[in-house]
Amino acid sequence: MTLPRVADQRRCTLGEGVFWHPEREQVFWFDIPGRRLLSQRDGQPLEWAFEQRVSAAGWLDRDTLLIASETALLTFDLRTRARQTLCALEADNPLTRSNDGRADPWGGFWIGTMGLEAQPQGGAIHRYYRGELRCLFPGISITNAICFSPDRRFAYFADTARDLIWRQPLDERHGWPLGEAERFIDCARQGVHPDGAVVDSQGRLWNAQWGASRVACYDPAGRFLHAVGLPASQISCPAFGGAGLSTLFVSSAREGMSAEELAREPDAGKLFAVELQVRGQAEHRVIL
């Protein structure tokens, strides 16, 4: 493992939704309050502005993304900036916005919502699959850590407010939840708060931990293995990318930090990267 480096100098108020586009070989991430999608190509920064908060994405083809905004799932053309609404996402609830999300191995897209003020049990996790948006898990305060095991047996998700990560068995044919979710990692025992997560090719879960300046690695049984330290406290979302999918990209935030705290953490809100001796999974294509 190399030392973490700053992968992009731009500061996000709340960086989130990092993912690596496997066809473009390009990293994307969001600044939720800034209402912008960020990327870089050949060392040059790229940025797209939106009217609403945006937080997570999957890829449809080389030039088209599926993006979750605070009221909808929409398609977005990276070349023309054209966007089209696929379906509403809690559009009748002005108190929520989208948060963490990721595509599953069947081509579905899981997307979590949360209250604008993180109201208790104000959010939910939904799945968009072949034209249908279905609510899977209501009553979640801060949805996070949506990711999938490489053997397609499990989905994972967290409620940051409860400091819990769950493991959900999946139907092998279509990827819908099968039975009840089980408690997988009780982060409260370690005194950490689970944020975004991703699973590598060996089934290990890598969890960004808000306030702890780290991404923690857990084995497929949920046992803590080790952690990657990062130069910011508010670590929000990891994703594997780069050559061989062995670079861990990690977003961070500077939300709610005082001037003194920001002076101690000049890189807060930036995107980081660290080279690891492990291989991630390629992000799955969303199938409409």
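Keep in mind it's a predicted model, so treat the numbers as computed, not measured.

Draft legend 1. Up close: the environment of Arg 254. Topologically, Arg 254 is positioned in the loop between β23 (247-252) and α1 (259-264). Taking the relative accessible area as the measure of exposure, Arg 254 reaches 24% and is therefore partly exposed. Spatially, the C-alpha atoms of Arg 254 and Arg 97 are 19 Å apart, while their sequence positions differ by 157 residues. The residues touching Arg 254, leaving out its near neighbours within four places in the chain, are Arg 11, Cys 12, Thr 13, Gln 234, Leu 262, Ala 268 and Gly 269.

Draft legend 2. Region of interest: the sheet that holds strand β9 (residues 83-88). What the four strands build is an open sheet, ordered β6-β7-β8-β9; its pairing is antiparallel. Two strands bound the open sheet, and with one partner strand each, they are β6 (54-59) and β9. If you compare each strand with its neighbour and ignore which way they point, the axes differ by 25 degrees on average. Bridge count for strand β8 (residues 72-77) against β9 is five bridges, and the pairing is antiparallel.

Draft legend 3. View of the pairing of strand β7 (residues 64-69). Across the six residues that make up β7, a large majority, six, are buried. Burial along β7 is two-sided: Thr 64, Leu 66 and Ala 68 and Leu 65, Ile 67 and Ser 69, pointing in opposite directions, are all buried. Summarising the sheet, β6 and β7 pair through five bridges and their orientation is antiparallel. Its bridge partner lying in β7, Val 54 is registered against Ser 69.

Draft legend 4. Expanded view of the packing of aromatic side chains. In total, this model carries 13 aromatic pairs according to the counting rule given. Aromatic pair Trp 20 and Phe 249: ring centres 5.7 Å apart, planes at 10 degrees, arrangement stacked. Here Trp 20 is found in strand β2 (residues 15-21), whereas its partner Phe 249 is found in strand β23, with 229 residues between them in sequence. Judged by relative accessible area, which is 11%, Trp 20 ranks as buried. Relative accessible area serves as the criterion here: at 7%, Phe 249 is assigned to the buried category.

Draft legend 5. Spatial organisation of the pattern of salt bridges. Applying the stated criterion across every chain, the model contains 19 salt bridges. With a shortest N-O distance of 3.6 Å, Asp 63 and Arg 79 are connected by a salt bridge. Of this pair, Asp 63 sits in the loop between β6 and β7 while Arg 79 sits in the loop between β8 and β9; the two residues are 16 residues apart in sequence, bridging distant segments of the chain. Residue Asp 63 is classed as buried on the basis of its relative accessible area, which comes to 18%. If you follow the salt bridges from partner to partner, you end up with Asp 8, Arg 10, Asp 31, Arg 36 and Glu 47 in one network.

Draft legend 6. How the structure looks around the state of the cysteines. Applying the stated criterion across every chain, the model contains zero disulfides. Here Cys 135 is not cross-linked by a disulfide; its sulfur's nearest cysteine counterpart is in Cys 87, at 13 Å. Here Cys 135 falls in the partly exposed class, since its relative accessible area comes to 39%.

Draft legend 7. Here's a closer look at the side chain of Ser 39. Within the secondary structure, Ser 39 sits in strand β4 (residues 36-41). Polar contacts involving the side chain of Ser 39 include one to the main-chain carbonyl oxygen of Val 27, which spans 2.6 Å. Look past the residues within four positions of Ser 39 in its chain and what remains in contact with it is Asp 8, Arg 10, Gln 26, Val 27, Phe 28, Trp 29, Gln 44, Pro 45, Leu 46 and Trp 48.

Draft legend 8. Geometry of the UniProt feature "domain: SMP-30/Gluconolactonase/LRE-like region" (unreviewed entry) in the protein chain. The sites that UniProt annotates as "domain: SMP-30/Gluconolactonase/LRE-like region" (unreviewed entry) are residues 14-254. Annotated as 0% helix and 58% strand, the span residues 14-254 places its first and last C-alpha atoms 6 Å apart.

Draft legend 9. Representation of the pairing of strand β11 (residues 109-115) within the structure. Among the seven residues that make up β11, seven are buried, leaving the element largely enclosed by the rest of the structure. Residue alternation in β11 divides its side chains into two sets, Phe 109, Ile 111, Thr 113 and Gly 115 and Trp 110, Gly 112 and Met 114, and both sets are buried. Note that strand β10 (residues 96-103) and β11 share six bridges and pair antiparallel. Opposite Ala 103, over in β11, you have Phe 109 as the bridge partner. Examined bridge by bridge, β11 and strand β12 (residues 123-129) share four bridges and lie antiparallel to one another. The residue of β12 that forms the bridge with Phe 109 is Tyr 128.

Draft legend 10. Molecular detail of the side chain of Thr 247. Considering the arrangement of structural elements, one finds Thr 247 in strand β23. Engagement of the side chain of Thr 247 in a polar contact is seen with the side chain of Glu 275, the distance being 2.6 Å. Those residues in contact with Thr 247 that lie beyond four places of it in its chain are Ala 239, Phe 240, Gly 241, Gly 242, Ala 273, Val 274 and Glu 275.

Conventions adopted
- Per-chain numbering applies: the sequence of each chain, read as written, is numbered from 1 onward.
- Local features in this predicted model are restricted to residues of pLDDT 70 or higher, and side-chain atom pairs are both shown and tallied only at a pLDDT of 80 or more, whereas totals for entire chains, interfaces and linings draw on every residue.
- Hydrogens and waters are ignored; side-chain quantities use all the structure's heavy atoms.
- Strands here are runs of E lasting at least two residues and helices are runs of H or I lasting at least four, both read from the DSSP assignment and numbered beginning at the N terminus.
- Buried means the residue's accessible area, taken with a 1.4 Å probe over protein chains only, is under 20% of the maximum for its type, while exposed means over 50%, and partly exposed covers the values in between.
- In what follows, residue pairs with any heavy atoms lying within 4.5 Å of each other are defined as contacts.
- When DSSP finds two or more bridges between two strands, those strands count as paired.
- Under this scheme, a helix contributes an axis fitted over its contacting stretch, all axes are lines through C-alpha atoms, and angles between N-to-C directions fall in the 0 to 180 degree range.
- Stacked, edge-to-face and tilted labels apply to pairs of Phe, Tyr and Trp rings (six-membered ring for Trp) whose centres lie within 6.5 Å, assigned for plane angles under 30 degrees, over 60, and everything in between, in that order.
- By definition, a salt bridge exists where a carboxyl oxygen of Asp or Glu is found within 4 Å of a side-chain nitrogen of Lys or Arg.
- A pair of sulfur atoms, both from cysteines and within 2.5 Å, is called a disulfide here.
- Here a polar contact is recorded for every N or O atom pair within 3.5 Å, except that within protein the pair must consist of a potential hydrogen donor and a potential acceptor, and residues adjacent in sequence are included only if both atoms are side-chain atoms.
- UniProt positions are given in the numbering used here, feature names are shortened, and annotations may be inferred rather than shown by experiment.

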